[in-house]
Amino acid sequence: MTVLLALICAELSVLLAPAQGCAICQTVLPQANEPLARGMFWSVLFLLSAPFAVGAVIGGWLLYQYRRANHTHRPELAVVVRRPTLISRRENA
């Protein structure tokens with residue numbers, strides 16, 4: 001019972017604590033017009049977008065390889081050419 005009470009108290013203390021960012025975020029971001037804040041913004045943007053760019057390049061390469069493999073191994077389609085047939089008419093049969 002005491003373990004359950006301790007877990008409930010620990011959960012409540014975590015849920016009720018205000019969310020805080022890192023120390024640099026709290027000191028730099030309130031001054032959003034400064035060059036340091038803009039630099040932080042762009043650096044976070046590049047760090048977050050880099051994995052998506054790498055994933056997009058790998059996905060594009062895999063799609064290219066898949067389409068190229070299907071195109072080269074596909075047998076040529078046979079073209080059927082029908083020649084016109086001559087029908088002879090019998091005159092005055």
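Residues numbered from 1 in each chain as written. Predicted model: local features only at pLDDT ≥ 70, side-chain atom pairs only at ≥ 80, totals over all residues. Heavy atoms only, no water.

Caption draft 1: Geometry of the overall build of the chain. Within the chain one finds three helices and zero strands. Order of helices (α) and strands (β) in the chain, N terminus to C terminus: α-α-α. Buried positions account for 2% of the 93 residues belonging to the chain. (Helix = DSSP H or I, 4+ residues; strand = E, 2+ residues; numbered from the N terminus. Buried < 20%, exposed > 50% of the residue type's maximum accessible area, 1.4 Å probe, protein only.)

Caption draft 2: Local environment of the packing of aromatic side chains. Counted under the stated rule, the structure contains two aromatic pairs. With centroids separated by 6.1 Å and ring planes inclined at 35°, the aromatic side chains of Trp-42 and Phe-46 adopt a geometry described as tilted. Of the two residues, Trp-42 and Phe-46 are both situated in helix H3 (residues 35-72); the distance of four residues between them amounts to about one turn of the helix. With a relative accessible area of 45%, Trp-42 lands in the partly exposed category. Taking relative accessible area as the criterion, Phe-46 reaches 55% and is therefore assigned exposed. Members of the aromatic cluster, each reached through a chain of ring pairs, are Phe-41, Trp-42 and Phe-46. (Phe/Tyr/Trp six-rings, centres within 6.5 Å; stacked < 30°, edge-to-face > 60°.)

Caption draft 3: Examining a nonpolar patch on the surface more closely. A surface patch of nonpolar side chains, amounting to about 540 Å² of accessible area, comprises Val-54, Ile-58, Trp-61, Leu-62 and Tyr-64. Here Leu-62 lies in helix H3. Residue class for Leu-62 comes out partly exposed when judged on its relative accessible area of 48%. (Patch = residues over 30% accessible without salt bridge, like charges linked within 9 Å, V, L, I, M, F, W, Y side chains within 5 Å. Areas by Shrake-Rupley, 256 points an atom, 1.4 Å probe, with all protein chains shown as cover. Salt bridge = Lys/Arg side-chain N within 4 Å of Asp/Glu carboxyl O.)

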